[in-house]
Amino acid sequence: MKISIVQTRPFQDQKPGTSGLRKRVRTFRQPHYLENFVQAIFDTQRDLQGGMLVLGGDGRYHNRDAIQVIMRMAAANGVARILVGQGGLLSTPAASCVIRKHGAAGGIVLSASHNPGGPEGDFGIKYNTANGGPAPESVTGAIHQATMDIRQYRIAEAAHVDIDHPGEQRLGETIISVIDPVSDYAELMESLFDFDRIRVMFESGAFQMRFDAMHAITGPYAMRILEERLGAPQGTVMRAEPLADFGGGHPDPNLAHARELVQALYGRDAPDFGAASDGDGDRNMILGRRFFVTPSDSLAILAANAHHLPGYSDGIRGIARSMPTSRAADRVAERLGVECFETPTGWKFFGNLLDAGRVTLCGEESFGTGSGHVREKDGLWAVLFWLNLLAVKGRSVEQIVRDHWRTFGRNYYTRHDYEALDSARADTLMQELREGLANMGGRTFGERVVTIADDFAYTDPVDGSVSEHQGIRVLFEDGARIVLRLSGTGTEGATLRVYLERFEPDPEKHDLDTQEALADLARMAEDIAGIRVHTGRDKPDVIT
Ligand code: VG1
Ligand code: CO
């Protein structure tokens, strides 16, 4: 095998964001762009030399080409074995599962998650460490530094490697195993949930479900697990075939982008349960018949009910949620007498807590939920959790949620996104907010008094690392909150996210429309941040 040493120059924009490096496909297709970043991984992650690398992606446009390049670079950088998903496919949670199960040194997942795909869409690359989780900031920081210093990369000169048939082949000294992307993951799911009980529920004919794979990675997983193993009728999984451009859709499982599914669940003869996942399979949306479960509520409900399920029958150790996620889960943690952690946005911040056994369940408001079974959020896992819960309780999704609110109170919650803003103007908005923080404490807005206003900083309780500037929070005396931060996953301009929350203990008041229930907080966010003045927008682009 001949190895080429290719001379290159640094790109100035290879700093990973909330979840890996995400750019337009056309950016990634520039000569040396992908190669530089991959070499930076090999230069800094020394365990890969002589070790095992897991490789796969969400099947989006450019996935297959990128995989060929990465395999040749891995061989040239001394990786002993590559486990690559057949067809180049691996969902994010399945990659995490495979890394852990096979003791890999790390994994490369190719995905821009919920961002659109296709030649004009987005592409992404993220590195996961040996625990199966997204690289922590210390690692992404080192990789970024290496991209700034890079002068050359190594790549094997080799013909096209067949990744479409399971089995082993060699590339120089490196063994490439093409693995079934689903089986390790399906086996793990079967160990956590009561598949027999779920099967009985499906076979009774009295329970119907619809799962929207959004032409993204979860299609093959959902087909195998829901239709083949659990006996859900054919047609339960819609848009099951992964397509390079996601069928032109936006693989983001929310009320705006999973429209067909939402229509089915709100229509006549609606199924009992609806769910969807995103581009790379780590997000989930949960629907009942004419009923939407917010991700924050879902986390709290899973936590309150985990002991009913085989994989969690001993109870949970603790809960972690990202800072903007609603505090519904905190109430459950308090009731259970377990710890609850508030972390910055992004799954990488949960890794240490999970590894240290301090928490069992984690969640983010952005349709992400997961547990210690892997080190990523996990869309199908959440769906199976709900299925198992529905089978155990024999109650509808809506009844389960309402029961929960009655017991714990309801946290009204919404997120308003302002997309594709001019970056400089968005930065000014955040800067002015920061400067105004010192004078916020004690101020009154309407009937609400500000107790704390700060720029969220997090000290990891396990390794002591500090992450600053993680979002502006304004907390009020009555428990309401406004949070503002800029997205770290977009590829065009800036996205401002405004998170609104208030607590309602009174069961008589649990039937309000969410946007109406939070309308006064939305007005306060406008007063505090001057969104209209700074962005020129008078309403958000996406409300979830
Ligand atoms: C968003 C979400 C965040 C999530 C991240 C990756 O980040 O808010 O909660 O962890 O996406 O999710 P940001 O920085 O744009 O707010 V995924 O499914 O796109 O990997
Ligand atoms: Co995702």
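All figures in this text were calculated on a predicted structure; none of them were measured in a lab.

Honestly, the overall build of the protein in this entry has me stumped. Any pointers?
Each helix and strand counted, the protein has 18 helices and 27 strands in total. Scaling as 2.2 N^0.38, a compact globule of 544 residues should have a C-alpha radius of gyration of about 24 Å, and the protein matches this with 23 Å. Principal axes of the C-alpha set define a box for the protein whose edges measure 70 × 60 × 40 Å. With 544 residues in all, the protein has 60% of them scored as buried. Restricting to contacts in the protein with at least 6 residues of sequence separation, those with at least 24 account for 73%. With an accessible surface of roughly 20,700 Å², the protein has 45% of that area assigned to carbon and sulfur atoms.

When you look at empty space enclosed by the protein in this model, what are you seeing that I'm missing?
Rolled over the atoms, a probe with the dimensions of a water molecule shows which regions are left empty. For the coordinates displayed, the defined rule picks out four cavities of 30 Å³ or more. The space that makes up the largest cavity amounts to roughly 390 Å³. Contributing to the lining of the largest cavity are 37 residues, with Thr18, Ser19, Arg22, Gly346 and Thr489 lying nearest its centre. Listing elements by their share of the lining of the largest cavity, those giving two or more residues are strand S2 (21-24), strand S6 (122-128), helix H5 (137-149) and strand S26 (494-504). Classifying every residue of the lining of the largest cavity gives ten nonpolar, 14 polar and 13 charged. Space inside the second largest cavity adds up to approximately 60 Å³. If you tally residues by element for the lining of the second largest cavity, the top one is strand S19 (residues 410-421), at three residues. Among the residues forming the lining of the second largest cavity, the class breakdown is four nonpolar, three polar and two charged.

Can you walk me through the layout of surface pockets in this structure?
Considering only enclosed or pocket space, the largest pocket measures out at about 1,100 Å³ in volume. Lining the largest pocket are 39 residues, and of these Pro16, Gly17, Thr18, Ser487 and Gly488 lie nearest its centre. Within the residue set of the lining of the largest pocket, elements represented by two or more residues are S2, H5, helix H15 (423-436), strand S23 (466-467), strand S25 (481-486) and S26.

Procedures and definitions
- Residues numbered from 1 in each chain as written.
- Chains lettered and ligands numbered in written order.
- Predicted model: local features only at pLDDT ≥ 70, side-chain atom pairs only at ≥ 80, totals over all residues.
- Heavy atoms only, no water.
- Helix = DSSP H or I, 4+ residues; strand = E, 2+ residues; numbered from the N terminus.
- Rg over C-alpha atoms; globule rule 2.2 N^0.38 Å.
- Buried < 20%, exposed > 50% of the residue type's maximum accessible area, 1.4 Å probe, protein only.
- Contact = heavy atoms within 4.5 Å.
- Areas by Shrake-Rupley, 256 points an atom, 1.4 Å probe, with all protein chains shown as cover.
- 1 Å grid on protein atoms, 1.4 Å probe; cavity = no way out; pocket = protein on both sides within 12 Å on 5 of 7 lines; lining within 4 Å.
- Points joined across faces, edges and corners; volume = space filled by probe spheres on them.
- Nonpolar A, V, L, I, M, F, W, Y, C, P; charged D, E, K, R; others polar.

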